[in-house]
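Now for the letters of each chain:
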Amino acid sequence: MTFSLATPSLSSLLSSTTTPSFILLTVTFALSYFLLSKRRKLPAPIIAGDGTTYRHPPCLPTVPIFGSMPFMPAFPTQYKYFTKMREQYGDVFAYYMMGKYQVILNSKEAIHEAFVKRSTDFADRPRAGVTNVLNPRHKGILFRNYDDNFKKYHKLSLGIMKQFGFGNRVMETRIMEEMKYFMENLASFEGCEFNPTPVVTKCSMNIVCGILFGKRFNDDDPDLSDIIANIRTSFNNIGKIFMVNAFPFLRHFSFHKKALQSCVDAQNKIFKMLEQKIVECTVGLEFAEEHIHKESTTSEQQADENNYDIKIESTYYNHHQLQPKDDQGDQPTSSFIRSYIELEGPNYDKEQLLHFMRELFLAGTETTASTLEWTLVLLANHPDVQEKMFKELERVLIEEQHQKEFSTQKSDENSGQIINDVSKLASDSKLNCSKLNTNESLHQSNEKVVNYKSYLPFLEDKKCLPYCDAVFNEILRYKPVAPMTLPHVTMKDSHVMGFFVPKGCTVFGNLHGAHHDPRVWRDPEKFNPERFLNENNEMIVNKEHIVSFSLGKRSCFGEILARQEFFLSLTNLVWRFKIFPPEGQEKVNVDDVMDVTVKPSSFKIRLIERF
Ligand code: HEM
């Protein structure tokens with residue numbers, strides 16, 4: 001083999017065999033230049049104003065140009081590496097990623113201090129290359145800077161979500177409506193093993209649709225498959241082009257150009273469907289001046305801008321109040337879109353609403369679907385947990401109801417006599433479901449025939465179901481489907497746990513790290529719902545350490561919906577079915593797959609109806 005020292009001519013450089021190496025050389029040179037020029041010197045760790053000097057956080061090993069990248073696993077699984085690095089580097093550390101200085105918050109304490117205590121300092125989002133193409137005017141809220149427009153739209157929309165969640169209970173009604181279809185779809189497999197992902201995806205998509213449009217899609221509606229396919233296309237392609245965020249010029253290269261175009265096409269298809277839905281949802285909407293004013297004042301009060309830590313556990317209403325007004329009369333169906341446009345008025349910003357709705361689909365379907373998939377896997381692998389949940393549900397839904405009804409009936413009959421035999425009735429009615437396996441699922445006690453299927457768990461039961469609540473919290477802790485927060489950006493020089501964080505720095509909360517911190521959780525790698533119960537197993541403890549939805553001003557917008565949806569799905573699943581691994585398997589064996597969320601790799605499951 002010989003080497004020529006002669007300078008190659010331009011034509012030979014551009015010849016078909018050498019062009020790729022020439023391009024590679026140029027790109028490498030451009031990259032190196034770009035990265036070196038981008039890596040800025042860190043400012044002195046002094047906070048202007050108070051003059052206090054802080055330390056820079058410890059930094060992961062770094063090499064020129066690529067920063068800490070060569071030491072880290074590939075992008076999606078970095079959260080595990082960060083969790084491991086806590087032992088060596090502590091709760092707050094930094095690293096360089098392609099020339100950019102970034103900070104990781106690795107414990108609940110650090111996340112709380114930054115995102116709640118110094119919430120405004122850490123509330124911005126980065127301007128990413130991909131977002132600049134897909135959403136050049138930065139509409140919606142997900143990637144909006146923390147500015148007055150963000151505050152306005154966030155407050156308006158969160159007000160509607162709170163009203164739907166706790167006020168008129170539209171949310172619970174829509175979720176329970178979807179539960180009917182979800183349960184029937186699962187039952188249709190009649191105990192045979194199946195892959196639950198498509199059924200779970202349809203359910204979580206339809207719940208978001210139920211809230212946004214006031215209506216679910218029929219399972220065979222092509223619009224439903226289209227929207228699921230378009231969301232998937234967006235996710236698949238966003239994954240492929242994330243390097244465009246670091247190097248915007250890459251978007252001109254064919255591979256990235258094609259992937260970006262697919263994202264744009266998918267987005268346009270979603271927008272087209274949403275525009276049609278806006279028309280349907282606003283039929284007959286009138287904008288009387290006083291009405292708009294009155295309604296928006298109420299909504300602003302409910303939104304309570306200063307209270308970002310949503311009090312999910314606020315009072316629930318009783319079962320009889322469940323039907324929202326719109327299902328009882330001729331009024332149009334309540335929907336997020338209708339309420340939003342009613343409050344914003346006829347000149348509402350349509351582009352803002354379209355982007356926001358698309359974000360709700362992106363952020364609100366995969367997350368809840370992945371949580372449900374993990375729920376099926378974990379329950380199938382822990383039959384003891386299922387049985388404890390079922391026993392608790394049976395006690396609360398059947399026996400205690402039965403006691404109440406019996407005592408009311410007796411006190412009517414005996415006109416005021418004290419009833420002593422209520423506990424006898426309760427023990428008489430303690431039924432073994434497997435013994436009474438009739439088609440109508442009627443369970444007979446001495447005094448009464450109980451139709452188990454007609455009793456369903458609702459949100460108001462949560463306070464009487466500590467074990468179910470413990471399982472709910474343990475699934476969120478054990479498998480945080482969003483293991484890291486979205487990127488936050490500091491709006492000014494700030495500090496956390498004594499470490500300096502300069503203005504404009506990208507900061508991530510490692511939620512997985514917080515949930516697997518051995519200083520907070522004993523045996524964090526063990527699935528153990530009992531860790532959330534006090535010594536008498538009757539009260540929930542430690543749930544303040546759960547940060548699945550993040551904290552502070554940029555915490556999950558859909559937390560109210562996600563919590564209600566997850567609690568109702570979990571309890572309704574266990575109430576209706578026994579969940580098993582496929583025949584001949586002791587466990588459902590899955591790996592973590594990091595897509596946009598952490599979900600289980602493809603798996604099969606068997607569900608047997610309890611009654
Ligand atoms: C189990 C279900 C869910 C989990 C675990 C989850 C988790 C998260 C997390 C960790 C963040 C990032 C917070 C941060 O950057 O600090 C987030 C943001 C967000 N989530 Fe969720 N989420 C869930 C369901 C939902 C649902 C159902 C919706 C809406 C329908 C939703 C809408 C959003 C939006 C719009 C944001 C961006 C908030 C902002 O930038 O201010 N999420 N979520």
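Bear in mind that the values here come from a model prediction, so they are computed numbers and not experimental data.

Reading guide: rules and limits
Residues numbered from 1 in each chain as written. Predicted model: local features only at pLDDT ≥ 70, side-chain atom pairs only at ≥ 80, totals over all residues. Helix = DSSP H or I, 4+ residues; strand = E, 2+ residues; numbered from the N terminus. Buried ≥ 20, exposed ≤ 12 C-beta atoms within 10 Å, placed from the backbone. Contact = placed C-beta atoms within 7 Å. Near = placed C-beta within 6 Å. Nonpolar A, V, L, I, M, F, W, Y, C, P; charged D, E, K, R; others polar. UniProt positions renumbered as here; feature names shortened; annotations may be inferred. Core = buried A, V, L, I, M, F, W, Y, C linked by C-beta atoms within 7 Å. Pairing = 2+ DSSP bridges. Axes fitted to C-alpha atoms, helices over the stretch in contact; angles between N-to-C directions. Parallel < 35°, antiparallel > 145°, perpendicular 65-115°, else oblique. pLDDT = per-residue confidence, 0-100.

1. Looking at the overall build of the chain
Logical step 1: Across its full length, the chain holds 19 helices and twelve strands.
Logical step 2: Residues classed as buried in the chain amount to 39% of the 611 residues present.
Logical step 3: Sequence-distant contacts, at least 24 apart, represent 75% of the contacts inside the chain between residues at least 6 apart.

2. Regarding the site of the ligand
Logical step 1: Near the ligand there are 25 residues, and of these G364, T367, S550, C556 and G558 occur at the shortest range.
Logical step 2: Looking at the shell around the ligand, the elements with two or more residues in it are α14 (350-381) and α19 (559-576).
Logical step 3: The element best represented in the shell around the ligand is α14, accounting for seven residues.
Logical step 4: Looking at the shell around the ligand residue by residue, the classes come out as 13 nonpolar, ten polar and two charged.

3. A few points about the UniProt feature "binding site: heme" (unreviewed entry) in the chain
Logical step 1: The feature "binding site: heme" (unreviewed entry), as given by UniProt, occupies C556 in the numbering adopted here.
Logical step 2: Tracing the sequence through the fold places C556 in the loop between α18 (511-515) and α19.
Logical step 3: By the C-beta count within 10 Å, which is 20 here, C556 ends up buried.

4. A look at the nonpolar core
Logical step 1: Among the nonpolar cores identified, the biggest contains 127 residues, and L105, L212 and V471 are the most heavily contacted of them.
Logical step 2: Top element by residues in this core is α14. It accounts for 15 residues.
Logical step 3: Beyond its immediate stretch of four places on either side in the chain, L212 contacts S335, F336, I337, M357 and L360.

5. So, the sheet that holds strand β5 (residues 488-489)
Logical step 1: Spatial ordering of the open sheet is given by β1-β2-β8-β5, a layout of four strands whose pairing is mixed. At either margin of the open sheet sits one strand with a lone partner, and together these are β1 (92-97) and β5.

6. Focus on unusual backbone geometry
Among all residues save glycine, negative phi is the norm, and among peptide bonds the norm is trans.
Logical step 1: Here the phi dihedral of H138 falls at roughly 50°; this positive angle occurs in a residue that is not glycine.
Logical step 2: By secondary structure assignment, the location of H138 is in the loop between α5 (129-134) and α6 (148-167).
Logical step 3: Take H138: there are 19 C-beta atoms within 10 Å of it, and that puts it in the partly exposed class.
Logical step 4: Residues other than glycine seldom take positive phi values, yet N542 does so here, at roughly 70°.
Logical step 5: Tracing the backbone shows N542 in the loop between α18 and α19.
Logical step 6: Since 15 C-beta atoms lie within 10 Å of it, N542 is described here as partly exposed.

7. Here we look at the packing of helix α8 (residues 197-213) against helix α9 (residues 222-240)
Logical step 1: Running from amino to carboxyl end, α8 crosses α9 at an angle of 100°, the nearest separation of the two axes being 11 Å. Classed by the angle they form, the pair α8 and α9 counts as roughly perpendicular. Each of T201, K202 and M205 in α8 lies in contact with α9, whose residues at this interface are L224, I227 and I228.
Logical step 2: When grouped by side-chain class, the residues that make up the contact of α8 with α9 number four nonpolar, one polar and one charged.

8. Notes on the environment of N185
Logical step 1: Positionally, N185 belongs in helix α7 (residues 170-187).
Logical step 2: Judged by the 16 C-beta atoms lying within 10 Å of it, N185 is partly exposed.
Logical step 3: Residues N185 and C203, 18 residues apart in the sequence, show an inter-C-alpha distance of 9.6 Å.

9. A short note on helix α4 (residues 108-117)
What sets the pattern is the α-helix's 3.6 residues per turn: residues three or four places apart point alike.
Logical step 1: Taken as a whole, α4 has its buried residues at K108, A110, I111, E113, A114 and F115.
Logical step 2: Buried positions along α4 lie against β1, β2 (100-105), β6 (494-496), β8 (506-509) and α18.

10. Quick word on the environment of N195
Logical step 1: Among the secondary structure elements, N195 is positioned in the loop between α7 and α8.
Logical step 2: For the pair N195 and F603, spaced 408 residues apart in sequence, the C-alpha to C-alpha distance is 5.8 Å.
Logical step 3: N195 has contacts with S602, F603 and K604, leaving out every residue within four places of it along the chain.

11. Points about the packing of helix α11 (residues 254-281) against α14
Logical step 1: Direction vectors running N to C along α11 and α14 enclose 110°, while the axes themselves pass 10 Å from each other. By the angle class used here, α11 and α14 are roughly perpendicular. For the pair α11 and α14, contact is made by Q267, I270, F271 and L274 and by L354, M357 and R358, respectively.
Logical step 2: For the contact of α11 with α14, the residue count by class is five nonpolar, one polar and one charged.

12. Details of the pairing of β1
Logical step 1: Across the six residues of β1, five count as buried, placing the element largely inside the fold.
Logical step 2: Strand direction decides the pairing type here: β1 and β2, joined by six bridges, are antiparallel. Each bridged residue has a counterpart across the sheet, and for V92 the counterpart in β2 is L105.

13. Considerations on the environment of L486
Logical step 1: Its location among the elements puts L486 in the loop between α17 (466-478) and β5.
Logical step 2: Distance from L486 to G284, taken between C-alpha atoms, is 39 Å for residues 202 residues apart in sequence.

14. Some points on the confidence of the model for the chain
Logical step 1: For the chain, per-residue confidence averages 82 on the pLDDT scale, and 78% of positions sit at 70 or higher.
Logical step 2: In the model, residues 1-18 has pLDDT below 50 throughout and makes five contacts with residues more than four positions away in sequence or in other chains.

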